[in-house]
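Here is how the chains run, residue by residue.
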Amino acid sequence: MKRNIKTVLKFFLLSAVTVVFTVLLFRIFKSKQYPQNELLIKNRINGLEPIAPQNEFELVDNEKIDWHDYEKIKTDSLRTGPGEQGKPAYLSSSENQNYDKLYKVNGFNAALSDKIALSRAVPDIRHSGCKSKKYLKHLPSVSVIVPFHNEHWTTLLRTATSVVNRSPDHLLKEVILVDDFSSKAFSKKPLDDYLRANLTKVRAIHLPERSGLIRARLAGAREATADVLIFLDSHTEANVNWLPPLLEPIAQDYKTCVCPFIDVVQYETFEYRAQDEGARGAFDWEFFYKRLPLLPEDLKHPTEPFRSPVMAGGLFAISRKFFWELEGYDEGLDIWGGEQYELSFKIWQCGGQMVDAPCSRVGHIYRKFAPFPNPGKGDFVGRNYKRVAEVWMDEYAQYLYMRRPHYKGIDPGDLTKQKALREKLQCKPFKWFMENIAFDLVLKYPPIEPGDFGVGEIRNLAAPELCVDSGYKDRDQAIGLQECVSDTRKRGEQNFTLTWHKDIRVKGKSLCFDVSDPNDKADVVLYPCHGMKGNQYWKYDVEKQWFLHGGNPRCLDCDPGGKRLFVTSCDEKSKTQKWRFENVNLTMIADWENIGVQ
């Protein structure tokens with residue numbers, strides 16, 4: 001009897017051990033077959049609270065494949081001609097006849113665009129690790145939405161062509177061009193006929209009245225039928241294997257919005273080049289778009305998606321389900337302005353997340369100037385900003401109003417629907433966003449700014465009748481010297497601020513002194529202030545009366561005869577390198593190293 005009991009106990013014990021061992025083996029097998037979401041692992045490494053993944057799309061398995069179209073890559077590598085491989089192109093003297101006319105209505109060299117093939121090859125400038133990176137075999141379908149108003153024919157078609165040519169056919173369901181009541185004749189029937197004959201996956205919808213960029217995007221999104229919506233501007237070029245890196249994070253968590261790296265297509269030569277190798281989107285308290293440096297852990301994983309507080313605006317991917325759960329854009333936003341902040345805040349505060357994908361790159365033409373007339377709707381940008389601030393920014397809205405006091409008097413319109421959405425989705429407060437997502441923004445762009453290092457005219461000691469003058473110049477234009485204006489009320493373009501960002505700004509504008517040329521006697525040009533030092537870093541040496549530029553400093557110098565301004569090697573004997581800065585804050589200058597982001 002005792003022997004039988006012992007036998008039974010041994011049997012049950014052996015069975016229990018077998019079951020436990022089997023479960024452990026199953027879990028090990030399961031973990032290898034279905035590894036944890038890489039984004040969540042990276043977020044934990046970063047010390048950030050992960051947002052739980054919510055899968056909308058059915059993940060058949062976690063198998064990953066190489067999505068590169070090597071045949072297409074090889075064919076592109078053999079292409080020659082104007083602008084091919086992203087090289088700068090130029091018009092010949094005989095081709096210059098339409099240059100001025102087309103430039104004025106487009107803000108870029110449209111005549112040159114007409115000379116470049118619609119299917120031109122662009123350089124693969126991704127990080128080398130992207131070229132061997134694999135992505136999920138099963139990815140969601142895509143609708144690409146491209147709003148446009150009077151876009152030039154060839155840049156619009158090049159956008160659509162690049163998307164079709166560089167996207168896996170079974171993933172790209174459709175490309176929707178949204179014509180926002182263009183007046184150019186080719187934007188109507190000629191465009192429809194061309195698409196029908198040449199780009200069968202592309203179609204245009206024509207809005208019956210001018211609706212603005214924001215509502216045009218919404219109109220395209222309502223027409224879209226694929227799982228994922230990708231919004232692009234109408235003068236862009238998709239690069240090699242651009243689509244899978246945008247889609248995988250969404251396949252893993254449908255509440256993830258993904259932005260590509262935006263490269264530069266130069267407006268004059270159509271050269272294709274990198275803007276940089278990544279930064280996190282942000283804003284200052286006037287709502288100018290800014291960028292924050294990558295975090296240390298992001299730098300260790302240069303091919304992995306990284307969290308970004310704010311999108312640049314026009315280029316991003318988002319699941320159709322999540323976009324409409326957020327009710328798309330606020331339809332009360334007019335024309336353009338503020339929409340990237342509204343959607344970014346909404347994504348983060350309402351349970352989603354936003355990442356940039358380094359292995360997805362899209363080129364974009366940054367126009368030299370906006371060619372569109374004022375729509376005649378008053379301060380529609382200010383009204384948009386106030387709508388965003390009143391709905392999403394809570395007590396932080398006051399810092400926007402401190403910089404732009406007139407916003408307080410703007411009527412933002414009815415906000416009932418937007419506030420009800422925030423309540424319905426139980427969205428987090430803006431303080432949570434600032435402390436957990438944009439946690440380092442206040443270091444670079446504090447709500448209450450320190451004072452300036454100096455302000456006023458910059459007068460040369462070798463030619464004391466001459467002052468630095470920005471001459472109402474625009475971005476990328478060199479500045480020089482002019483006769484000093486004695487009447488401070490009329491000083492205008494001779495009034496500058498050495499800000500706590502350690503850059504020199506035209507007073508009252510967001511244009512900074514910038515030097516990118518490493519050569520001797522490089523021009524000083526104006527460029528939109530970015531607050532990231534580098535080409536815009538300046539320091540005033542009170543004792544030597546020098547304006548020092550850059551980390552390996554050169555001195556601000558001039559040619560009084562030619563009224564030219566430049567930087568060159570510092571020389572204590574040179575009088576042309578000495579400048580009298582009108583009002584210097586000596587206390588701030590003495591504490592230079594402790595002020596601003598180090």
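Above this note sits the structure.
Draft legend 1. Highlighting the overall build of the protein. Counting its regular elements, the protein contains 18 helices and 27 strands. Counting contacts in the protein only where the partners sit at least 6 residues apart, residues at least 24 apart contribute 75% of the total. Approximately 27,500 Å² of the protein is accessible, and the part contributed by carbon and sulfur atoms is 54%.

Draft legend 2. Molecular detail of the packing of helix H6 (residues 153–165) against helix H7 (residues 189–198). The N-to-C vectors of H6 and H7 enclose an angle of 30 degrees; their axes lie 13 Å apart at closest approach. The crossing of H6 and H7 is right-handed. On H7, the residues touching Trp153, Leu156 and Leu157 of H6 are Pro190, Leu191, Tyr194 and Leu195. Considered class by class, the residues forming the contact of H6 with H7 number 7 nonpolar, no polar and no charged.

Draft legend 3. Focus on the state of the cysteines. Inspection of every chain in the model, using the stated rule, returns 5 disulfides. Cys350 shares a disulfide with Cys427; S-S distance 2.0 Å. When the S-S torsion is 100 degrees, as for the bridge of Cys350 with Cys427, the disulfide is right-handed. In this pair, Cys350 is assigned in the loop between helix H12 (339–349) and strand S14 (353–365) and Cys427 in the loop between helix H15 (416–424) and helix H16 (430–436), connecting sequence segments 77 residues apart. Take Cys350 and Cys427: they sit in the same class, and that class is buried. A sulfur-sulfur separation of 2.1 Å characterises the disulfide bridge that pairs Cys467 with Cys484. Note on the Cys467 and Cys484 pair: the S-S dihedral is about 100 degrees, so by sign convention the disulfide is right-handed. Note that Cys467 is positioned in strand S16 (residues 466–469) and Cys484 in the loop between strand S17 (480–483) and strand S18 (496–498), a separation of 17 residues in sequence. Both residues of the pair, Cys467 and Cys484, count as buried. Going through the protein in sequence order and numbering each bonded cysteine, the pairs you get are 1-3, 2-4, 5-6, 7-8, 9-10.

Draft legend 4. Region of the structure containing the side chain of Lys184. Examined against the element boundaries, Lys184 turns out to sit in the loop between strand S4 (172–179) and H7. In this structure Lys184 is buried but unpaired, with Glu151 as the nearest side chain of opposite charge at 6.8 Å. Of note is the side chain of Lys184, whose polar atom sits 3.4 Å from the side chain of Asn106. Reaching out from Lys184, the side chain makes a polar contact with the backbone oxygen of Asn150 at a distance of 3.0 Å. Contacts of Lys184, omitting those with residues within four sequence positions, involve Val105, Asn106, Asn150, Glu151 and His152.

Draft legend 5. Quick peek at the packing of aromatic side chains. Scanning the model with the defined rule gives 36 aromatic pairs in all. Geometrically, the ring pair formed by Phe261 and Phe306 is edge-to-face, given 6.1 Å between the ring centres and 65 degrees between the ring planes. With Phe261 in strand S8 (residues 256–265) and Phe306 in strand S12 (residues 306–307), this pair connects stretches of sequence that are 45 residues apart. Here Phe261 matches Phe306 in class, with each residue buried. Residues Phe287 and Tyr385 carry aromatic rings whose centres are separated by 5.0 Å and whose planes lie at 80 degrees to one another, so their mutual orientation is edge-to-face. Here the residue Phe287 occupies a position in the loop between strand S10 (280–283) and strand S11 (289–292), and Tyr385 occupies one in helix H13 (residues 380–392), the gap between them amounting to 98 residues. Pair check on accessibility: Phe287 and Tyr385 agree, each one buried. A connected cluster of aromatic rings, assembled from ring pairs, spans Phe283, Trp285, Phe287, Tyr341, Phe345, Tyr385, Tyr396, Tyr399, Tyr407, Phe430 and Phe433.

Draft legend 6. Here's a closer look at the pairing of strand S24 (residues 546–549). Side chains Trp546 and Leu548 project from S24 onto one buried face, and the interleaved Phe547 and His549 project onto a second face that is buried too. Bridge count between strand S23 (residues 538–541) and S24: 4 bridges; the pairing is antiparallel. Looking across to S24, one finds that Asp541 is bridged to Trp546. The hairpin formed by S23 and S24 contains 4 residues between the paired strands, and Gln545 there has a positive phi angle of roughly 60 degrees. As paired elements, S24 and strand S25 (residues 554–559) share 2 bridges and run antiparallel to each other. Looking at S25, one finds that Leu548 is bridged to Cys555. Where S24 hands over to S25, the hairpin turn is made up of 4 residues, of which Gly550 adopts a positive phi near 80 degrees.

Draft legend 7. Up close: H15. Among all positions of H15, only Gln418, Leu421 and Arg422 are buried. Along H15, the residues classed as buried sweep out an arc of 100 degrees about the axis, all on the same side. Counted as exposed and oriented over 90 degrees from the buried face of H15: Thr416, Lys417, Glu423 and Lys424. Check the buried side of H15 and you find it contacts helix H11 (320–325), H12, H13 and H16.

Draft legend 8. Representation of the nonpolar core. Formed by 63 residues in total, the largest nonpolar core has its most connected members in Phe283, Phe345 and Phe433. If we ignore the near neighbours within four places in the chain, the residues touching Phe433 are Phe283, Pro309, Val310, Phe345, Trp348, Gln349 and Ala438. The next biggest cluster of nonpolar side chains, apart from the first, holds 40 residues, and it includes Val142, Leu199, Val228 and Val355.

Draft legend 9. Examining the pattern of salt bridges more closely. Per the counting criterion, the structure on display carries 41 salt bridges. Arg79 is paired through a salt bridge with Glu84; the nearest N and O atoms lie 3.0 Å apart. Where Glu151 meets Arg367, a salt bridge forms, and the shortest distance between an N and an O atom there is 3.5 Å. Here Glu151, found in the loop between strand S3 (142–148) and H6, pairs with Arg367, found in the loop between S14 and H13; they are 216 residues apart in sequence, far enough to count as distant. Classification of Glu151 as buried rests on a relative accessible area of 1%. Accessibility expressed as a relative area gives 18% for Arg367, which makes it buried. Salt bridges here are not isolated pairs; linked through shared partners, they connect Lys72, Asp76 and Arg166.

What counts and what doesn't
- Residues numbered from 1 in each chain as written.
- Predicted model: local features only at pLDDT ≥ 70, side-chain atom pairs only at ≥ 80, totals over all residues.
- Heavy atoms only, no water.
- Helix = DSSP H or I, 4+ residues; strand = E, 2+ residues; numbered from the N terminus.
- Contact = heavy atoms within 4.5 Å.
- Areas by Shrake-Rupley, 256 points an atom, 1.4 Å probe, with all protein chains shown as cover.
- Axes fitted to C-alpha atoms, helices over the stretch in contact; angles between N-to-C directions.
- Left-handed = near helix turned anticlockwise from the far one by under 90°.
- Nonpolar A, V, L, I, M, F, W, Y, C, P; charged D, E, K, R; others polar.
- Disulfide = S-S within 2.5 Å.
- Buried < 20%, exposed > 50% of the residue type's maximum accessible area, 1.4 Å probe, protein only.
- Lys, Arg positive; Asp, Glu negative; His and termini not counted.
- Salt bridge = Lys/Arg side-chain N within 4 Å of Asp/Glu carboxyl O.
- Polar contact = N/O pair within 3.5 Å; in protein donor to acceptor, adjacent residues only side chain to side chain.
- Phe/Tyr/Trp six-rings, centres within 6.5 Å; stacked < 30°, edge-to-face > 60°.
- Pairing = 2+ DSSP bridges.
- Arc of directions from axis to C-beta.
- Core = buried A, V, L, I, M, F, W, Y, C linked by side-chain atoms within 4.5 Å.

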